[in-house]
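Below are the chains, spelled out letter by letter.
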Amino acid sequence: MNPNEVFNSFCLRVPLFSITKYKEFIKKGTLSDADFIKIIEIPFFKEAIFLASPILLEQIEKWENGLLKDPVKKEKLKVTILKYYTRMSSRCTPFGLFASCSLGSFNSYTDIQLETINNYKRVTQFDNTFLSKLSLRILLEEEVKNSAIFFPNTTLYEIDNHYRYIEYSIKKNNREYSLEGVHSSPVIDKIITTAKQGRTITQLAQEIVDNEVNFEEAKEFILILIENQILVSEYEISSTGENYFLKLLRNTTEKNPSFSLNNQLQAVKSELDSLDHSFENTIDNYKKVISKTEQLVPDLDLNYLFQTDTFSATQTNNLDYKLKYSLLRAIKFFTRISFYTPNHRLEGFKREFLKRYETQQLPLSLVLDSETGIGYGSKQDNHTPYLDHILVKRKATHIGNVEWTAFDDVMQQKLYEATKENSFCIELKEEDVNHLPENWNHLATTFYSLIEIYKKENSHTIFMKGAGGSSGINLLSRFAHGDPEIYDHIKNIVTTEEQIHSDKIIAEIVHLPESRTGNILKRPNVRSYEIPYLASAGVKKEFEIPIEDILISIKNNRIVLRSKKHQKEIIPKLSNAHNYTQNSLAIYQFLCELQLQNKRSNIGFSWNSIFLKLPFLPRVVFKNIIFSKAKWNIKVHDFTKIMESNNIVEAIKNWQQKLALPDYVELVDGDNRLLIYLQNKTALTMLYQTVKKRTHFLLEEFLFSDDEIVQRNEESFCNQFVISYHKKMYDTQN
């Protein structure tokens with residue numbers, strides 16, 4: 001019996017332009033300059049390009065005006081234009097104006113009708129890179145600095161008569177971290193204790209004024225602590241809660257009504273807001289905002305100024321209830337073919353903890369200190385009293401072992417049969433995996449899957465390669481600020497998690513690893529509690545769980561975090577899709593990995609890496625669900641010969657026939673995809689320009705037709721759906 005249910009709401013993601021119009025456009029032998037002019041003149045295209053790459057738009061306008069003379073640059077530019085148009089017609093991942101999202105629900109029928117683009121909603125904010133510079137600029141003003149509230153650095157902890165904390169600096173728009181230290185003393189202790197309640201510079205200075213220290217000396221000392229980031233201001237960039245720019249504007253207006261920059265900030269806000277009054281804007285509208293922002297931050301980088309999210313409007317947005325049963329059937333199948341692999345870092349940490357501390361319950365910061373504690377994973381904190389880079393890049397040693405499972409035996413036999421029969425498709429059946437046990441014990445309380453749905457005559461086919469995540473809201477939270485319906489759906493998922501874990505505190509991990517990364521990390525407050533780490537929390541102080549409040553122990557082979565203040569177990573959660581394994585601070589990575597302690601990060605179908613080296617892998621289906629699309633592993637050397645042949649059209653035709661390649665395929669680069677129409681020379685050039693410096697590339701079949709379930713005025717759109725699942729309430733085991 002399946003212990004999971006599907007939430008009744010889902011998130012639909014669609015490209016800005018239809019696949020119908022794209023196929024009409026691309027279906028010719030080659031594209032002329034006039035065809036590219038048609039692309040450029042499509043409504044919203046230039047604006048979308050400007051938001052993605054202002055420099056590219058400059059090049060396009062040069063070409064339009066006859067100022068781009070170099071023929072090589074012209075050809076490269078045309079390929080780039082086609083790439084962007086292809087992306088805006090075939091990829092559903094929301095980004096700027098390229099693709100949008102909206103909330104739908106399961107119903108008695110499937111019907112999704114989009115409104116016209118002019119009815120879409122857009123939300124434009126400032127890029128976090130600009131906001132970081134603006135916050136530093138504002139805090140340089142004496143009146144702002146003197147009225148600002150300061151708190152201890154959220155990474156600060158006391159150990160062996162001194163404090164340690166993480167300090168960051170910004171170099172080339174990237175954060176670089178160092179571990180810093182300062183000896184504890186009665187004065188330092190008093191300042192840090194007082195600052196926990198939030199105090200101004202004057203208030204903190206007055207705390208240490210005595211017969212030996214006058215106010216000016218005390219203030220100078222406080223300023224040194226601020227400069228060294230032992231104390232941080234309320235103006236620190238936040239990734240949760242209220243829009244940061246609005247928060248900054250409100251603070252400066254309320255605390256310093258006569259502040260000289262208030263009028264400028266308000267004027268910038270007005271111009272920014274005006275961009276969202278209608279869906280389409282001229283570039284001059286953006287230039288008005290740019291002009292005013294340059295007065296605040298002179299070293300402005302236009303590539304890092306605007307961040308826009310798009311929300312589609314729909315007349316109807318329904319999926320048939322019956323699709324739920326197909327999804328749950330797939331989940332059940334996945335539990336048989338996906339095997340739990342323990343997190344080696346967490347397992348190693350548990351062994352070290354038990355060896356050294358046994359059954360003790362200790363402060364988290366002490367245990368994760370790599371000098372006096374046991375650290376975490378490969379992060380070696382090179383402790384010195386002052387600047388010392390925490391992250392050291394290490395060369396990974398590749399071991400050529402390949403894990404082979406019982407399901408790989410099944411797929412090997414299926415692949416052998418398909419190859420012998422020259423079959424394009426492998427069909428999986430329940431009896432193929434009945435000998436493998438279902439395993440429901442290693443799924444998160446809520447999780448999600450990303451699916452595509454294709455219309456096939458009177459039925460639907462689903463593409464679903466897996467499911468997982470630490471929460472059903474991982475792909476949704478960054479869009480909650482722009483759509484009340486998406487926000488309500490997220491709150492419903494969070495409430496379900498809280499009901500299942502009613503005896504524990506589920507706390508949001510709040511951290512800003514990079515200024516730019518903040519664009520995808522920004523989200524409203526969706527959980528009652530937050531754990532801030534080198535970032536500002538979005539909840540009130542009484543709902544913050546500082547690192548120093550967290551105790552850690554091992555019970556029943558589980559790492560258990562506990563709040564001293566609340567006397568409850570803490571379950572840390574990161575409600576976004578940030579890849580926290582890349583260049584992360586040890587405590588942040590530890591908290592994030594703890595989300596999936598004794599859990600599988602995902603379940604689903606994947607070919608064993610041995611098979612991935614084969615020239616062709618057939619489509620894999622189970623009932624009405626496609627687990628894996630047909631794949632072709634192409635040698636660049638072979639493709640180069642085709643592109644250099646005297647008759648490319650004939651060469652491509654023979655190549656397609658030999659490999660059974662359909663006309664429409666996608667170039668796959670991890671999560672990135674590029675649609676290629678193999679009958680179009682310009683599209684082939686686009687493919688070649690992208691892969692020519694590689695040795696191999698991967699093509700996958702493209703399955704969207706001209707008649708799909710997402711429609712507008714008889715035009716079809718590609719689709720993706722974010723489906724969320726939850727444990728049934730009677731199954732509350734962590």
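For the structure itself, consult the block above.
Predicted model, so just to flag it, every value in this text is computed and none were measured. Residue numbers restart at each chain and count upward from 1, following the sequence in its written direction. The predicted origin of the model limits local features to residues at a pLDDT of at least 70 and limits the giving and counting of side-chain atom pairs to 80 or more, whereas totals for whole chains, interfaces and linings rest on all residues. Excluded from the side-chain calculations are hydrogens and water; all other atoms, namely the structure's heavy atoms, are used.

(A) Up close: the overall build of the protein. In terms of regular secondary structure, the protein is built from 23 helices and 32 strands. Relative to its length of 734 residues, the protein is compact, with a C-alpha radius of gyration of 28 Å against a globular reference of 27 Å. When the backbone C-alpha atoms are referred to their principal axes, the protein occupies close to 95 × 65 × 50 Å. Any residue under 20% of the maximum accessible area for its type is buried, any over 50% is exposed, and the rest in between are partly exposed; the area is computed with a 1.4 Å probe on protein chains only. Each of the 734 residues in the protein was classed as buried or not, and the buried ones make up 55%. Residue-level accessible areas treat just the shown protein chains as cover; the underlying method is Shrake-Rupley with a 1.4 Å probe. Total accessible area on the protein is roughly 32900 Å²; 48% of this is exposed by carbon and sulfur atoms. Charge assignment: positive for Lys and Arg, negative for Asp and Glu; neither His nor the chain ends contribute. By convention, charge coordinates are those of NZ in Lys, CZ in Arg, CG in Asp, or CD in Glu. Taken together, the 91 basic and 93 acidic charged side chains of the protein have centroids lying 4 Å from each other. Numbering of helices and strands runs from the N terminus, with a helix taken as a DSSP run of H or I at least four residues long and a strand as a DSSP run of E at least two residues long. Atoms counted for the radius of gyration: C-alpha only. Globule rule: 2.2 Å times the number of residues to the power 0.38.

(B) Spotlight on the nonpolar core. Each nonpolar core is a collection of buried residues, namely Ala, Val, Leu, Ile, Met, Phe, Trp, Tyr and Cys, held together in the definition by side-chain atoms within 4.5 Å. By size, the foremost hydrophobic cluster in this structure holds 166 residues, and its most contacted members are Phe306, Met464 and Phe639. Broken down by element, this core gets its largest block of residues, 8 residues, from helix α14 (residues 322-337). Note on contacts: a residue pair is in contact if any heavy atoms of the two residues lie within 4.5 Å. Ignoring anything within four residues of it in the chain, the contact list for Met464 reads Leu327, Ala330, Ile331, Phe334, Ser449, Ile451, Ile625, Ile626, Phe627 and Tyr725. Counting residues in each nonpolar core, the second largest holds 38 residues, with Phe349, Leu368, Tyr376 and Tyr529 among its members.

(C) Main features of the packing of aromatic side chains. Pairing of aromatic side chains here covers Phe, Tyr and the six-membered ring of Trp, requires ring centres within 6.5 Å, and sorts the geometry by plane angle: under 30 degrees stacked, over 60 edge-to-face, intermediate tilted. As enumerated under the stated definition, the model contains 41 aromatic pairs in all. Ring geometry for Phe126 versus Phe245: centroids 5.1 Å apart, planes at 75°, classification edge-to-face. Residue Phe126 is found in strand β4 (residues 121-126), and its partner Phe245 is found in helix α11 (residues 244-255); the two are separated by 119 residues along the sequence. For Phe245, a relative accessible area of 4% corresponds to the buried category. Ring plane angle 75° and centroid distance 5.2 Å describe the contact between Tyr286 and Phe306, whose orientation is recorded as edge-to-face. Residue Tyr286 is found in helix α13 (residues 283-296), and its partner Phe306 is found in strand β10 (residues 306-311); the two are separated by 20 residues along the sequence. As far as burial versus exposure is concerned, Tyr286 and Phe306 are alike and both buried. Joined through ring pairs, the aromatic side chains of Phe333, Phe334, Trp404, Phe407, Phe605, Trp607, Phe611, Phe622 and Phe627 make up one cluster. Should the NZ of a Lys or the CZ of an Arg lie within 6 Å of a ring centre and within 35 degrees of the ring normal, that charge is described as sitting over the ring. The aromatic ring of Tyr664 is capped on one face by Lys23, whose charged end is 4.6 Å from the ring centroid.

(D) Broad picture of helix α8 (residues 186-195). Ile188, Ile191, Ile192, Thr194 and Ala195 are the residues of α8 that are buried. When α8 is viewed along its axis, its buried side chains cluster within an angular range of 165° and face the same direction. Regarding the arc, it is the one traced by the directions from the helix axis to the C-beta atoms.

(E) Summary view of the sheet that holds strand β21 (residues 568-573). The rule for pairing is simple: two strands pair if DSSP sees at least two bridges between them. Read from one edge of the open sheet, 6 strands run β12-β19-β20-β21-β17-β18, paired in mixed fashion. The outermost strands of the open sheet, each flanked by one partner alone, are β12 (362-363) and β18 (529-532). Bridge count between strand β17 (residues 505-510) and β18: 4 bridges; the pairing is parallel. Bridging across to β18, Ile509 finds its partner in Ile531. In this description, a line fitted to the C-alpha atoms serves as the axis of each element, helices being fitted only across the stretch in contact, and the angle between N-to-C directions of two axes falls anywhere from 0 to 180 degrees. Against the sheet, helix α20 (residues 586-594) touches β17, β18, β19 (550-555), β20 (558-563) and β21, its axis set at about 110° to β20.

(F) Main features of the pattern of salt bridges. Any Lys or Arg side-chain nitrogen found within 4 Å of a carboxyl oxygen on Asp or Glu counts as a salt bridge. All told, the structure shown has 35 salt bridges when counted by the stated rule. A salt bridge links Arg336 to Glu438; the shortest N-O distance between them is 3.2 Å. Placement of the pair is Arg336 in helix α14 and Glu438 in the loop between β13 (425-428) and β14 (446-456), with a sequence separation of 102 residues. The class of Glu438 is partly exposed, set by a relative accessible area of 28%.

(G) The arrangement of helix α3 (residues 45-52) in detail. The buried count for α3 comes to 6 of 8 residues, which makes it a mostly enclosed element. The complete set of buried residues in α3 reads Phe45, Glu47, Ala48, Ile49, Phe50 and Leu51. Packed against the buried residues of α3 are α2 (33-40), α4 (54-64), α5 (71-90), β4, α13 and β10.

(H) Local environment of a nonpolar patch on the surface. Exposure above 30% relative accessible area and the lack of any salt bridge qualify a residue for a patch; like charges then connect within 9 Å, and the nonpolar side chains Val, Leu, Ile, Met, Phe, Trp and Tyr within 5 Å. Together, Val402, Trp404 and Ile610 make up a nonpolar patch on the protein surface, roughly 250 Å² of accessible area in all. By the element assignment, Trp404 lies in the loop between α16 (364-367) and α17 (406-420).

(I) Region of the structure containing the sheet that holds strand β23 (residues 616-617). Spatially, the 5 strands line up as an open sheet ordered β23-β26-β29-β27-β28, and their pairing is antiparallel. Of all strands in the sheet, those with a lone pairing partner are β23 and β28 (672-677), marking the two edges. Where strand β26 (residues 631-635) meets strand β29 (residues 696-701), 5 bridges bridge the pair, whose relative direction is antiparallel. Residue pairing across strands places Ile634 opposite Phe697, the latter belonging to β29. The strands touched by helix α23 (residues 681-691) are β27 (664-669), β28 and β29; relative to β28, the strand with the most contacts, the crossing angle is about 145°.

(J) A look at the packing of helix α12 (residues 262-274) against α13. Put simply, α12 and α13 touch, their axes get as near as 9 Å, and they point 155° apart. In terms of orientation, α12 and α13 fall into the roughly antiparallel class. Judged by the sense of rotation from one axis to the other, the crossing of α12 with α13 is left-handed. Touching Gln264, Leu265, Ala267, Val268, Glu271 and Leu272 of α12 are Lys288, Val289, Lys292, Thr293, Gln295 and Leu296, all from α13. Roughly parallel refers to an angle under 35 degrees, roughly antiparallel to one over 145, roughly perpendicular to one between 65 and 115, and oblique to any angle outside these ranges. In this scheme, a crossing is called left-handed if the near helix is turned counterclockwise away from the far one by less than a right angle; it is called right-handed if the turn is clockwise.

That is the geometry; function is a separate question.
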